[in-house]
Amino acid sequence: MLLALLLQVGAEEWLAKGVEALKAGHAQEARIALEEAVRQAPGQPVMWLAVAEARLLAAEAAAAVAAMEQAGRLAPGSAMVQRGMAMFARRMGETAQGLLDGRQEKRAEAV
């Protein structure tokens, strides 16, 4: 019980560091901190939501989707997880649209 509590405190500290890095736009730093948080507390869906965000920011779309799916498996009926998944899906769409726009600009420049 005490060990689980100590791990949770450590995980929350890593979560805080990861969220700070996310806010600052430091993708790799956020990903490393948040992945350590879920390593210490793998049953916490909020941590998996944060990992998904960090992986998306780091342009690791497949890994981001895997983290989001894990959050959904851990708390399938959670309104927080459902809201997080909806926001994530919107950002995935924006990321995909940005990639498409960049490709279209490159094609236009080549013509």
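These numbers come from a predicted model, not from an experiment.

S.K.: Quick question: what am I supposed to make of the packing of aromatic side chains here?
M.R.: Two aromatic rings are characterised by how far apart their centres lie and by the angle between their planes. The tally for this structure, following the rule as stated, stands at 0 aromatic pairs. One residue, K17, lies across the ring of W14, its end atom 4.8 Å from the ring centre.

S.K.: Which parts of the structure should I look at to understand unusual backbone geometry?
M.R.: Trans peptide bonds make up most of the peptide bonds, and negative phi angles are found at most residues other than glycine. Although it is not a glycine, A59 adopts a positive phi angle of roughly 60°. For A59, the location among the structural elements is in the loop between α3 (45–57) and α4 (61–74).

S.K.: How should I be thinking about the packing of α3 against α4 in this particular structure?
M.R.: The description of two packed helices rests on the angle between their axes and on the distance between the axes. At a minimum axis separation of 8 Å, α3 and α4 run at an interaxial angle of 165°. Classified by the interaxial angle, the pair formed by α3 and α4 is roughly antiparallel. α3 and α4 meet at a crossing whose hand is left-handed. Within the contact between the two elements, α3 uses P45, W48, L49, V51, A52, R55 and L56 and α4 uses A63, A64, A67, M68, Q70, A71 and L74. Here the residues of the contact of α3 with α4 are counted per class, giving 12 nonpolar, 1 polar and 1 charged.

S.K.: Any chance you could explain the pattern of salt bridges here in plain terms?
M.R.: Two side chains bearing opposite charge may form a pair once their charged atoms approach each other closely. In the structure shown here, the tally under the stated rule is 5 salt bridges. Linking R31 and E35 is a salt bridge whose minimum nitrogen-to-oxygen distance equals 3.1 Å. One end of the pair, R31, and the other, E35, are both in helix α2 (residues 27–40), 4 residues apart, so they sit about a helical turn from each other. Salt bridges here are not isolated pairs; linked through shared partners, they connect R31, E35, R55 and E60.

S.K.: Would you mind showing me how to read α3 here?
M.R.: Two residues of an α-helix separated by three or four positions point the same way, owing to the 3.6 residues in each turn. Spanning 13 residues, α3 covers 19 Å between terminal C-alpha atoms, matching the ideal 18 Å at 1.5 Å per step. When you tally the buried positions in α3, you get 11 out of 13 residues, the bulk of the element. The set of residues buried in α3 consists of P45, M47, W48, L49, A50, V51, A52, E53, A54, R55 and L56. Just downstream of α3 lies A59, where phi reads positive at about 60°.

S.K.: I'm lost on the nonpolar core in this one. Help?
M.R.: Most often, soluble globular proteins keep nonpolar side chains buried together rather than apart. In this structure, L15, L34, M47 and F88 are the most contacted members of the largest nonpolar core, which totals 23 residues. Going through the elements one at a time, α1 (2–24), α2, α3, α4 and α5 (79–110) are the ones with two or more residues in this core. Among the elements that line this core, the one with the most residues is α3, at 8 residues.

S.K.: Sorry if this is basic, but what is going on with the confidence of the model for the protein chain here?
M.R.: Detailed conclusions should not be drawn from predicted coordinates in areas where pLDDT is low. A residue-level look at the protein chain finds 77% of positions with pLDDT of 70 or above and a mean pLDDT of 82. Per-element confidence in the protein chain ranges from a low mean pLDDT of 71 for α5 to a high of 93 for α2.

About the cut-offs
Residues numbered from 1 in each chain as written. Predicted model: local features only at pLDDT ≥ 70, side-chain atom pairs only at ≥ 80, totals over all residues. Heavy atoms only, no water. Phe/Tyr/Trp six-rings, centres within 6.5 Å; stacked < 30°, edge-to-face > 60°. Lys NZ or Arg CZ within 6 Å of the ring centre and 35° of its normal. Helix = DSSP H or I, 4+ residues; strand = E, 2+ residues; numbered from the N terminus. Axes fitted to C-alpha atoms, helices over the stretch in contact; angles between N-to-C directions. Parallel < 35°, antiparallel > 145°, perpendicular 65-115°, else oblique. Left-handed = near helix turned anticlockwise from the far one by under 90°. Contact = heavy atoms within 4.5 Å. Nonpolar A, V, L, I, M, F, W, Y, C, P; charged D, E, K, R; others polar. Salt bridge = Lys/Arg side-chain N within 4 Å of Asp/Glu carboxyl O. Expected span 1.5 Å × (residues − 1). Buried < 20%, exposed > 50% of the residue type's maximum accessible area, 1.4 Å probe, protein only. Core = buried A, V, L, I, M, F, W, Y, C linked by side-chain atoms within 4.5 Å. pLDDT = per-residue confidence, 0-100.

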